[in-house]
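The primary structure of each chain is shown beneath.
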Amino acid sequence: MLNSFPRPILFAHRGACAHAPENTLESFQLAFEQGTDAVELDAKLSADGEVVVIHDATVDRTTNGQGRVSNLKLADLRQLDAGSFFSGKYRGAKIPTLDEVFEAVGKKGMINVELTNYYAGRDDLAEKVCALVKKHRLQDRIIFSSFFGYNLKKTAQLLPEVPRGLLALDGWKGTWARSFGFMFGDYQALHPYIRDVNPQQVQRAHRLKRRVHVWTANAVEDIVRLRDWGVDGIFTDDPQTAVRALGRGA
Ligand code: G3P
Ligand code: MG
């Protein structure tokens, strides 16, 4: 299904997070209304092992609570206001479960599920996410990504038909992932940081019959340049602007 979208496919990063609180149902719904092809979200486990959608390891920045997500149970997380940090208009927005996101927008386009157990060690996030993908029968609408190749190896065993994108950290920290890590790994896409991409790298990936999805482009000139370099996907906080920049939509 990934290949059936126009290139570059647009991923709304944490939903339409320039317009609504990141990683909320409101943000994902708005992104599809604004014409995105796909949304990106950050999945991790609560203390009681539920797959929840929130970027940071703690709830401090994006909610009215405090503490590590991995120390809070789903019931505690659900009490929090995940909208007011963005604007009063979104007061009362909740941290969603992945189950809820799949239910609400699973059939509206593609979903990039980033497996973000970066501070939790080798938990069973990948197994639980794969079970939810199967439950909702969304195999052809998902792409997994992670900075941890280990997570993607697990999804490859459990759901080999779902494509995998290796995320590369920015700058020198991502050198291995952008070269040997990607080349010799079982990945369908590289997800590099915008300042680390160049046309040669895009061509190299294409010679391997793989894709390049770049994070995160918000300025029109960046979006147009990446399109002209032939990248296969662009993450953006602002799908409304990106859709216009690419000459799509009404
Ligand atoms: O997947 C692209 C991007 O989401 C990776 O970085 O920190 O925003 O999850 P981050
Ligand atoms: Mg992410």
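For the structure itself, look to the data block above.
Summarised in this report is the structure supplied together with it.

Reading the values: rules and limits
- Residues numbered from 1 in each chain as written.
- Chains lettered and ligands numbered in written order.
- Predicted model: local features only at pLDDT ≥ 70, side-chain atom pairs only at ≥ 80, totals over all residues.
- Heavy atoms only, no water.
- Near = heavy atom within 4 Å.
- Polar contact = N/O pair within 3.5 Å; in protein donor to acceptor, adjacent residues only side chain to side chain.
- Areas by Shrake-Rupley, 256 points an atom, 1.4 Å probe, with all protein chains shown as cover.
- 1 Å grid on protein atoms, 1.4 Å probe; cavity = no way out; pocket = protein on both sides within 12 Å on 5 of 7 lines; lining within 4 Å.
- Sits in = over half its atoms within 2 Å of the grid points.
- Nonpolar A, V, L, I, M, F, W, Y, C, P; charged D, E, K, R; others polar.
- Points joined across faces, edges and corners; volume = space filled by probe spheres on them.

Moving on: the site of ligand 1. Neighbouring ligand 1 are His 13, Arg 14, Glu 40, Asp 42, His 55, Glu 114, Leu 167, Trp 215 and Phe 235. In this structure, an oxygen atom belonging to ligand 1 sits 2.7 Å away from a side-chain N or O atom of Glu 40. If ligand 1 stood free it would expose 290 Å²; the protein chains cover 89% of that surface. Mapping ligand 1 onto the cavity grids shows that it belongs to the largest pocket. Taken together, the residues that form the shell around ligand 1 break down as three nonpolar, two polar and four charged.

Using the criterion set out here, one finds two cavities of 30 Å³ or more in the structure. Quantified by volume, the largest cavity comes out at close to 110 Å³. Contributing to the lining of the largest cavity are Lys 44, Leu 45, Ala 57, Arg 68, Val 69, Ser 70, Thr 116, Asn 117, Tyr 118, Tyr 119, Ala 120 and Asp 123. Here the lining of the largest cavity is composed, by residue class, of six nonpolar, three polar and three charged. Of the volumes computed, that of the second largest cavity is approximately 60 Å³. Of the residues in the lining of the second largest cavity, the class split is six nonpolar, four polar and one charged.

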